[in-house]
Amino acid sequence: MNLVHEPGLSFDTVALVCRVIEACRDAAVSQEAYLCDLDRAIGDGDHGTNMRRGLEALAAERQLLSAMPLSDAMIAAGTILVMNIGGAAGPLYGTLLLETGKGLSAGQIPFPQAFLQAVGAVAQRGRSSPGDKTLLDVLVPLSEALVKQTDMRCLAEEIQGFADMTIDMKAVRGRASFLGERSIGHMDPGAASCALFATTVCHELMETARS
Amino acid sequence: MSDRRENVGIVIVSHSPLVAKGAADMVRQMVGDSVPLAWCGGNPAGGLGTDMEAILRAIEDAWSEAGVAIFVDLGGAETNSEMAIEMIGKGRAARIVVCNAPIVEGAVIAAAEASGGASLAKVVATAQELSPS
Ligand SMILES: [Mg+2]
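Residues numbered from 1 in each chain as written. Chains lettered and ligands numbered in written order. Predicted model: local features only at pLDDT ≥ 70, side-chain atom pairs only at ≥ 80, totals over all residues. Heavy atoms only, no water.

## Brief notes about the overall build of chain B
- Within chain B one finds 6 helices and 4 strands.
- For chain B, the succession of helices and strands along the chain, N to C, is β-α-β-α-β-α-α-β-α-α.
- What you see for chain B is a C-alpha radius of gyration of 13 Å, in line with the 14 Å of a compact globule of 133 residues.
- Its C-alpha atoms put chain B at 40 × 30 × 30 Å along the principal axes.
- Residue pairs at least 24 apart in sequence account for 77% of intrachain contacts in chain B once pairs closer than 6 positions are excluded.
- Counting only carbon and sulfur atoms, one obtains 56% of the accessible surface of chain B, whose full area is about 5,600 Å².
- Taken as two groups, the 9 positive and 16 negative side-chain charges of chain B have centres that lie 5 Å from each other. (Helix = DSSP H or I, 4+ residues; strand = E, 2+ residues; numbered from the N terminus. Rg over C-alpha atoms; globule rule 2.2 N^0.38 Å. Contact = heavy atoms within 4.5 Å. Areas by Shrake-Rupley, 256 points an atom, 1.4 Å probe, with all protein chains shown as cover. Lys, Arg positive; Asp, Glu negative; His and termini not counted. Charge placed at Lys NZ, Arg CZ, Asp CG, Glu CD.)

This is the structure in structure tokens:
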């Protein structure tokens, strides 16, 4: 797929980038209350609002972003997210996009490798590893699936399962870690939003492949 | 006390503007104007949280060629501060440290140390002595 495997954008991918951003914004708006509820259970209850604010800021720039080469667009989008999400999630989502963009612009590495490297940078930023009940529990299996070129439809169906796995985990990073054992039994809000956006992007890409 | 701009700067980053301002007031009471000082608190919408752009501005406001020590409360304040340091550029990033110390006590002790003209390393070490690990 064009967006995933080559950085040069044709007219169609301009429209695609716009649609992907709009779909993620719509998902953030419609799931704001749900994500806040998840965060209220084990954190401070603002994750949905923070993500909605970040995605609305991103959507406001979608025309500009979609006209850029993908690497530059990812870097610009990462900066917008860091500036506007505000919570602990801001630097994590920001790092993910910034580092993916830097990877794409630095060398001839394909999107999945750039994304895999960026996930490593997110782990460093949050000083966390898979199993710590964070968005990494979605990002790590997602990036591995992309590298293996897993079929997009299969992947889209698997992603929510990655987030569901965080329910049984004990938080060791972030505010949820203050709850210790009591964090068990709740889905991590960062993993939930990550699964939401990843699934949304997959669906937009499949939609485009079909049309 | 040595000249203000030659001393290490102090930045206070809390999720709450009231906490950040209160801690800054306590620093001012201790060291007056002898140390560059800035604070920020709250998310970009004005609620509780952190705002990376505001942290960048606070670092600019408290900038000293001797460096800047940042004091944070919870995780988001720390990661957003680290992100801000990365964005400020390599030349200055090496002279900015996020301290592993309690926000109020750390900022006050660091400012007292900075007001005597101590180096960034000394200011940070003194504040971090407050933390067990
Ligand atoms: Mg939160």
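## Details of the pattern of salt bridges
- Within the structure shown, the criterion is met by 17 salt bridges over all chains.
- Between A:Arg19 and A:Glu204 there is a salt bridge, and its shortest N-O distance comes to 3.5 Å. Taken together, the positions of A:Arg19 in helix 2 (residues 11-30) and A:Glu204 in helix 11 (residues 189-210) put the pair 185 residues apart, joining distant regions of the chain.
- Of the charged contacts, one joins B:Arg28 and B:Asp33 as a salt bridge, the two residues approaching to 3.7 Å between their closest N and O atoms. (Salt bridge = Lys/Arg side-chain N within 4 Å of Asp/Glu carboxyl O.)

## Side note on the coordination of the magnesium ion
Residue and element names in this part refer to chain A.
- In this structure, Asp-39 (OD), Asp-44 (OD) and Asp-46 (OD) serve as the protein donors to the magnesium ion, at separations of 2.0 to 2.3 Å.
- Mapping the donors of the magnesium ion onto the primary sequence yields the spacing D-x4-D-x1-D.
- For Asp-44, a relative accessible area of 35% gives the class partly exposed. (Donors = N, O, S within 2.8 Å, 3.2 Å for Na, K, Ca; no water. Buried < 20%, exposed > 50% of the residue type's maximum accessible area, 1.4 Å probe, protein only.)

## With respect to the sheet that holds strand 1 (residues 9-14) of chain B
Residues and elements named next belong to chain B.
- Overall, parallel pairing links the 4 strands, which are arranged 2-1-3-4 in an open sheet. In this open sheet, the two strands that pair with only one neighbour each are strand 2 (37-41) and strand 4 (96-98). If you compare each strand with its neighbour and ignore which way they point, the axes differ by 15° on average.
- With 5 bridges connecting them, strand 1 and strand 2 associate as parallel partners. (Pairing = 2+ DSSP bridges. Axes fitted to C-alpha atoms, helices over the stretch in contact; angles between N-to-C directions.)

## Focus: the interface of chain B and chain A
- Counting residues at the interface gives 19 residues for chain B, matched by 19 residues for chain A.
- Carbon and sulfur atoms supply 55% of the area that chain B and chain A bury against each other, a total of about 1,500 Å² over both sides.
- Per-residue buried area on chain B facing chain A is highest for B:Leu74, B:Thr79 and B:Met83; these three make up 30% of the total on that side.
- As a salt-bridge pair, B:Glu86 and A:Arg125 come within 2.5 Å of each other at their nearest N and O atoms.
- The tally of links from chain B across to chain A stands at 7 residue pairs in polar contact (both at pLDDT 80 or more).
- Mapped by element, the contributors of at least two residues to the side of chain B that touches chain A are helix 2 (52-61) and helix 3 (75-87) of chain B.
- Looking at the side of chain B that touches chain A, the element that brings in the most residues is helix 3 of chain B, giving 8 residues.
- Partitioning the side of chain B that touches chain A into residue classes produces 8 nonpolar, 6 polar and 5 charged. (Buried area = accessible area lost by both parts, 1.4 Å probe. Polar contact = N/O pair within 3.5 Å; in protein donor to acceptor, adjacent residues only side chain to side chain. Nonpolar A, V, L, I, M, F, W, Y, C, P; charged D, E, K, R; others polar.)

## Some remarks on the layout of surface pockets
- Empty space within the largest pocket amounts to approximately 910 Å³.
- Around the largest pocket, the lining is made up of 43 residues, and of these A:Ala88, A:Arg173, A:Gly174, A:Arg175 and B:Gly76 lie nearest the centre.
- Put simply, the parts of the chain that give the lining of the largest pocket at least two residues each are helix 3 (32-42), helix 4 (47-60), helix 7 (89-106) and helix 11 of chain A together with helix 3 of chain B.
- A total of 4 residues in the lining of the largest pocket trace back to one element, the largest contributor, which is helix 3 of chain B.
- Residue classes in the lining of the largest pocket are distributed as 18 nonpolar, 16 polar and 9 charged. (1 Å grid on protein atoms, 1.4 Å probe; cavity = no way out; pocket = protein on both sides within 12 Å on 5 of 7 lines; lining within 4 Å. Points joined across faces, edges and corners; volume = space filled by probe spheres on them.)

## Quick look at the packing of helix 9 (residues 136-147) of chain A against helix 11 of chain A
Residues and elements named next belong to chain A.
- One way to put it is that helix 9 packs onto helix 11 with a least axis distance of 8 Å and a crossing angle of 35°. Of the residues in helix 11, those in contact with Val-138, Leu-139 and Leu-142 of helix 9 are Ala-191, Cys-194, Ala-195 and Ala-198.
- In terms of residue class, the contact of helix 9 with helix 11 is built from 7 nonpolar, no polar and no charged.

## Structural notes on the side chain of A:Asp132
Residues and elements named next belong to chain A.
- Tracing the backbone through its elements, the reader meets Asp-132 in the loop between helix 8 (111-125) and helix 9.
- Of the buried charged residues, Asp-132 lacks a salt bridge, with Arg-173 as the closest side chain of opposite charge at 6.1 Å.
- Once residues within four sequence positions are removed from consideration, Asp-132 is found in contact with Asp-137, Lys-170, Ala-171, Val-172 and Arg-173.

## Some thoughts on the pairing of strand 1 of chain B
All names here are of chain B.
- A large share of strand 1 lies buried, amounting to 6 of its 6 residues.
- Taking every second residue as pointing to the same face, both faces of strand 1 are buried, with Gly-9, Val-11 and Val-13 on one and Ile-10, Ile-12 and Ser-14 on the other.
- Of the strand pairs in this sheet, strand 1 and strand 3 (residues 68-72) are connected by 5 bridges, and their pairing is parallel. Looking at strand 3, one finds that Ile-12 is bridged to Phe-71.
- Crossover strand 1 to strand 2 through helix 1 (residues 17-31) is right-handed. (Right-handed = clockwise from strand over helix to strand, strands pointing away.)

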